[in-house]
Structures are given as C-alpha cells and as structure tokens.
Amino acid sequence: SQVITSLLLASSISALIAQIGLGSNPAFKLPLYQIQNPIAELPIFIGLGLLVGVASLAFKAMLRKGKSFFESPLFANVPVNARPAIGGLACGLVAVVFPQILFFGYETLDALLADTNFPLWLLLSLVALKPLMTSIS
C-alpha cells in the first residue's frame, strides 16, 4: 500500500513537472491512421514488436560493450574524468556527418512519421550509429 502510494505520488509529480517543462503538446506529431484490415495488419504489428524487442536487447548489450570498452586496458592510462570527453569528441565527429544522432531525435522521428523521404543508406546508418554513439558517450 505504501509502495503504491509512493509510486502514484512520484508519477503524478513527474507528469506535472514534465508538463510544466515540456508543455502539453505530444512529443510526436502522429498522422491519422486507421486499421484497414486487422487480420492482415496484426501479424505485421506483432513482427514489429518482436523486432523492436530484439533491438532493445542489442542496445542493452551495446551499452555494456561501451562501458567495458572504456574499462579496457586501452584506456588504463587515461584519467577517468577524461573518458566522457573522448566519447563526446567521438559523438561530435560523427555528428558532423550525421547530425540526426544528436539529442533525442524527435525532429527525425517527426519527419519520418510525416512521410519525409530519407535515403535508405541514411536510415540504416542511423539505426547503427545512434545506439553506438549513445553507448560510448
């Protein structure tokens, strides 16, 4: 009972602070969508859910690899305080070519949801680079 009360209080306060800081607008501008054929579309959505689940496991593994990379003997002589700067420098260098990897990516997702045409090579690059840069920064 006390845990549930604390959870409700914390989630209410965080929602209030988020609304004050971010406003009441949704994070993404979703186009109107209606399911045309539930029998045909449900397996696609299930497949997408499984694909995203596998991607989340890969992201978690990449985060562990990024941490172990900076704890490897390669960085043994690098001060601990300088390691985030190295990760930030790497992210900055990659962001010169792929600025979409910076921040949360709301603009890129909004553009994708609005049917903006992105080259396939760019999308595949972002799928690989965003988690990689997140794991080393």
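Everything here concerns the structure above.
Nothing here was measured: the structure is a model prediction, and the numbers come from that model.

(A) Layout of helix α1 (residues 2–22). Compared with the 30 Å implied by 1.5 Å per residue over 21 residues, the 30 Å span of α1 between its first and last C-alpha is a close match. Two residues or fewer past α1, G23 is found with a positive phi of approximately 90°.

(B) Main features of a nonpolar patch on the surface. Where nonpolar side chains cluster on the molecular surface, the patch consists of F28, L30, L102, F103, F104, Y106, L109, L112 and L113 and spans about 900 Å² of accessible area. By secondary structure assignment, the location of F28 is in the loop between α1 and α2 (38–70).

(C) Quick look at the packing of aromatic side chains. Tallied over the full model, the rule gives four aromatic pairs. Ring centres of F69 and F70 lie 5.3 Å apart, and the angle between their planes is 75°; on these two criteria the pair is classed as edge-to-face. We classify F69 as partly exposed; its relative accessible area is 39%. Residue F70 is classed as buried on the basis of its relative accessible area of 11%. Ring centres of F69 and F75 lie 5.0 Å apart, and the angle between their planes is 75°; on these two criteria the pair is classed as edge-to-face. On the basis of relative accessibility, which here comes to 8%, the residue F75 falls in the buried class. Here the aromatic residues F69, F70 and F75 are joined through ring pairs into a cluster of three or more.

(D) View of the nonpolar core. Formed by F70, F75, C91, A95, F98, I101, L122, L126, L129, M133 and I136, the largest nonpolar core amounts to eleven residues. For this core, the elements supplying multiple residues, two or more each, are α3 (83–97) and α5 (120–136). By residue number, the principal contributor to this core is α5, which donates five residues. Discounting chain neighbours no more than four positions away, the residues touching L129 are V94, F98 and I101.

(E) Geometry of the packing of α2 against α5. Running from N to C, α2 and α5 point in directions that differ by 40°, and their axes come no closer than 8 Å. Between α2 and α5, the angle falls in the class oblique. Along this stretch, α2 crosses α5, giving a crossing that reads as right-handed. Here α2 contributes F59, M62, L63, G66, K67 and F70 to the contact with α5, which in turn contributes P131, L132, T134, S135 and I136.

Calculation criteria
Residues numbered from 1 in each chain as written. Predicted model: local features only at pLDDT ≥ 70, side-chain atom pairs only at ≥ 80, totals over all residues. Heavy atoms only, no water. Helix = DSSP H or I, 4+ residues; strand = E, 2+ residues; numbered from the N terminus. Expected span 1.5 Å × (residues − 1). Patch = residues over 30% accessible without salt bridge, like charges linked within 9 Å, V, L, I, M, F, W, Y side chains within 5 Å. Areas by Shrake-Rupley, 256 points an atom, 1.4 Å probe, with all protein chains shown as cover. Salt bridge = Lys/Arg side-chain N within 4 Å of Asp/Glu carboxyl O. Phe/Tyr/Trp six-rings, centres within 6.5 Å; stacked < 30°, edge-to-face > 60°. Buried < 20%, exposed > 50% of the residue type's maximum accessible area, 1.4 Å probe, protein only. Core = buried A, V, L, I, M, F, W, Y, C linked by side-chain atoms within 4.5 Å. Contact = heavy atoms within 4.5 Å. Axes fitted to C-alpha atoms, helices over the stretch in contact; angles between N-to-C directions. Parallel < 35°, antiparallel > 145°, perpendicular 65-115°, else oblique. Left-handed = near helix turned anticlockwise from the far one by under 90°.

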